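One letter stands for each residue in the lines below.
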Amino acid sequence: MDQAPGSPQGPADHGPAGRGPADPAPHGGQSLPTCYRHPDRETGIRCTRCERPICPECMVDASVGFQCPQCARSGQGTGAAPAAARPRTLAGGSVAADPRLVTKVLVGLNLAFFLVQLSVGDAFTDRFSLLGQAYVPQSNSVEGVAQGQWYRLITAMFLHANYFHILFNMLSLWWIGGPLEAALGRARYLALYFVSGLAGSALTYLLAAPNQPSLGASGAIFGLFGATAVLMRRLRYDMRPVIALLVINLIITFGWGSIAWQAHIGGLVAGVVVGYAMVHAPRERRSLIQYGTCAVVLAAAVVMTVIRTGQLG
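Q: Mind showing me how you'd approach the overall build of the chain here?
A: Check the secondary structure of the chain and you find ten helices and four strands. Reading the helices (α) and strands (β) of the chain from amino to carboxyl end gives β-β-α-α-α-β-β-α-α-α-α-α-α-α. Here the chain holds 313 residues, and the buried ones make up 53% of them. Of the contacts formed within the chain by residues at least 6 apart in sequence, a portion of 68% connects residues at least 24 apart. Only carbon and sulfur atoms are counted for the fraction: they give 63% of the accessible area of the chain, which is about 13,800 Å².

Q: Teacher, can you tell me more about the environment of Asn140 here?
A: Position of Asn140 among the secondary structure elements: in the loop between β3 (134-136) and β4 (141-143). In this structure Asn140 comes out as exposed when scored by relative accessible area, which is 58%.

Q: Could you clarify how one ought to interpret the environment of Gly108 in this entry?
A: With respect to the helices and strands, the residue Gly108 is situated in helix α2 (residues 101-120). Since its relative accessible area comes to 34%, Gly108 is described here as partly exposed.

Q: Help me understand unusual backbone geometry in this model?
A: What is expected of a backbone is that most residues other than glycine have negative phi and most peptide bonds are trans. Phi at Glu51 takes a positive value of approximately 65°, unusual for a residue other than glycine. Looking at where Glu51 falls in the secondary structure, it is placed in the segment before β1 (60-61). Even without a glycine there, the phi angle at Arg236 is positive, about 65°. Within the element layout of this structure, Arg236 appears in the loop between α7 (218-234) and α8 (240-255).

Q: I tried to follow the packing of aromatic side chains on my own but got confused; where do I start?
A: For any two aromatic rings, the description comes down to two numbers: the centre-to-centre distance and the angle of the planes. One pass over the full model with this rule turns up ten aromatic pairs. Arranged with centres 6.3 Å apart and planes meeting at 80°, the rings of Phe222 and Phe225 form a pair that is edge-to-face. Residue Phe222 and its partner Phe225 are both found in helix α7; the two are separated by three residues, about one turn of the helix. There is no split in this pair, since Phe222 and Phe225 are both buried. Both rings, one in Phe254 and one in Trp261, keep their centres 5.6 Å apart while their planes meet at 35°; by these two values the pair is tilted.

Q: Explain the nonpolar core here, please?
A: Generally speaking, nonpolar side chains in soluble globular proteins are found buried as a group. Core analysis: the biggest nonpolar cluster contains 58 residues, and Ile54, Leu173, Leu180, Leu184, Tyr189, Tyr193 and Leu224 have the highest contact counts within it. Mapped by element, the contributors of at least two residues to this core are α2, α5 (163-184), α6 (186-207), α7, α9 (261-280) and α10 (286-312). Not counting chain neighbours up to four residues away, the residues in contact with Leu224 comprise Leu173, Ile176, Gly177, Leu180, Tyr189, Leu192 and Tyr193. Within the second largest apolar cluster, five residues are counted, among which are Leu203, Leu206, Ala301 and Met304.

Q: Looking at this model, I keep getting lost on the confidence of the model for the chain. Mind explaining?
A: In low-pLDDT regions, the fine details of the predicted coordinates are not to be read closely. Averaged over every residue, the pLDDT of the chain is 84; the share at 70 or more is 85%. Within the model, the stretch residues 6-30 combines pLDDT values under 50 with 64 contacts to residues more than four positions away or in other chains. The low-confidence segment residues 77-85, where pLDDT is below 50, has nine contacts with residues more than four positions distant or belonging to other chains.

Q: Is there a simple way to think about the pattern of salt bridges in this case?
A: When charged atoms on two side chains of opposite charge get close, those side chains can pair. One pass over the structure, following the stated rule, counts five salt bridges. Two residues, Arg41 and Glu57, come together in a salt bridge whose shortest N-O distance is 2.6 Å. Of the two residues, Arg41 sits in the segment before β1 while Glu57 sits in the segment before β1, which places them 16 residues apart along the sequence. We classify Arg41 as buried; its relative accessible area is 17%. Across the pair Glu143 and Arg152 runs a salt bridge, and its minimum N-O distance is 3.2 Å. Exposure remark for Glu143: the relative accessible area of 11% places this residue in the buried category.

Q: Can you walk me through the packing of α9 against α10 in this structure?
A: Packed helix pairs are characterised by how far apart their axes lie and by the angle those axes make with each other. With their axes 8 Å apart at the nearest point, α9 and α10 run at an angle of 165° to one another. The orientation of α9 with respect to α10, classified from their angle, is roughly antiparallel. Handedness of the α9/α10 crossing: right-handed. For the pair α9 and α10, contact is made by Ala270, Val273, Val274, Ala277 and Met278 and by Ile289, Gln290, Thr293, Cys294 and Val297, respectively.

Q: Quick question: what am I supposed to make of α10 here?
A: Structural remark: α-helix, 3.6 residues per turn; residues separated by three or four positions point the same way. End to end, α10 covers 40 Å across 27 residues, agreeing with the expected 39 Å (1.5 Å per residue, within 8%). Along α10, the positions that sit buried rather than exposed are Arg286, Gln290, Thr293, Cys294, Val297, Ala301, Met304, Thr305, Arg308, Thr309 and Leu312. Contact partners of the buried residues in α10: β1, α4 (152-155), α6 and α9.

Cut-offs and rules
Residues numbered from 1 in each chain as written. Predicted model: local features only at pLDDT ≥ 70, side-chain atom pairs only at ≥ 80, totals over all residues. Heavy atoms only, no water. Helix = DSSP H or I, 4+ residues; strand = E, 2+ residues; numbered from the N terminus. Buried < 20%, exposed > 50% of the residue type's maximum accessible area, 1.4 Å probe, protein only. Contact = heavy atoms within 4.5 Å. Areas by Shrake-Rupley, 256 points an atom, 1.4 Å probe, with all protein chains shown as cover. Phe/Tyr/Trp six-rings, centres within 6.5 Å; stacked < 30°, edge-to-face > 60°. Core = buried A, V, L, I, M, F, W, Y, C linked by side-chain atoms within 4.5 Å. pLDDT = per-residue confidence, 0-100. Salt bridge = Lys/Arg side-chain N within 4 Å of Asp/Glu carboxyl O. Axes fitted to C-alpha atoms, helices over the stretch in contact; angles between N-to-C directions. Parallel < 35°, antiparallel > 145°, perpendicular 65-115°, else oblique. Left-handed = near helix turned anticlockwise from the far one by under 90°. Expected span 1.5 Å × (residues − 1).

Laid out in structure tokens, this is it:
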């Protein structure tokens, strides 16, 4: 949740809790087979070579269907060398030994910034929170993004107002981000996170009162939520749980006075757009379309920022 410093924390900070792309709800009441590498995860997908059931975290995108990591590494049945069959995620990223590493780093950065906030106090928070334009008595000057402090659009993504704020945002980031990182790969996941967060900050800057500060990682987290919904639809999983969570979060977003709804909506829209490009881009032009879409969304954020700066100038 992006909110004004010191404002109460609502349950929207939980973000899109529940089942992620690696933990889908089974269809109907039938029991699905479990992944041979993760026995606790049901799946309806099988390796096209060995036909063993595999979950989204394990499946490697192949020319036809998906393969398990073992078959992809060995190049079994293709005559290709193992190096030519390097495991890839659904979105074309490299399969990492630690599929949650980037999520762990992001959680660590948010916690580190929060510790600095507690140690330094309001001076640090006021300096780096998202502020359009306002007179600051402590410095006897007008400050904000409109005054050239564009870094606030990024730094605000790593600040939080209180213990509940950071607790719920980090739980949401861990629950949703980890499985999504495994499905996309590190580079694509990181691009999605920052583009969604910047889109949320830019829309907040454009529409919110210029003297109303806001902060929080929820713009980026809502982007992960949107991409998760796109991924679940791509894998033909039951969409009812994710739709229900989305509706609940949107009700809380617009019903809780202290929440910067602009950050949530901006992040969500960016996450859906980028997420769609990540999982639906054709194989032959995959990287171009994926990162090109990120660039387009980032350009839209820049345009919103320039427009608002002109209005406040």
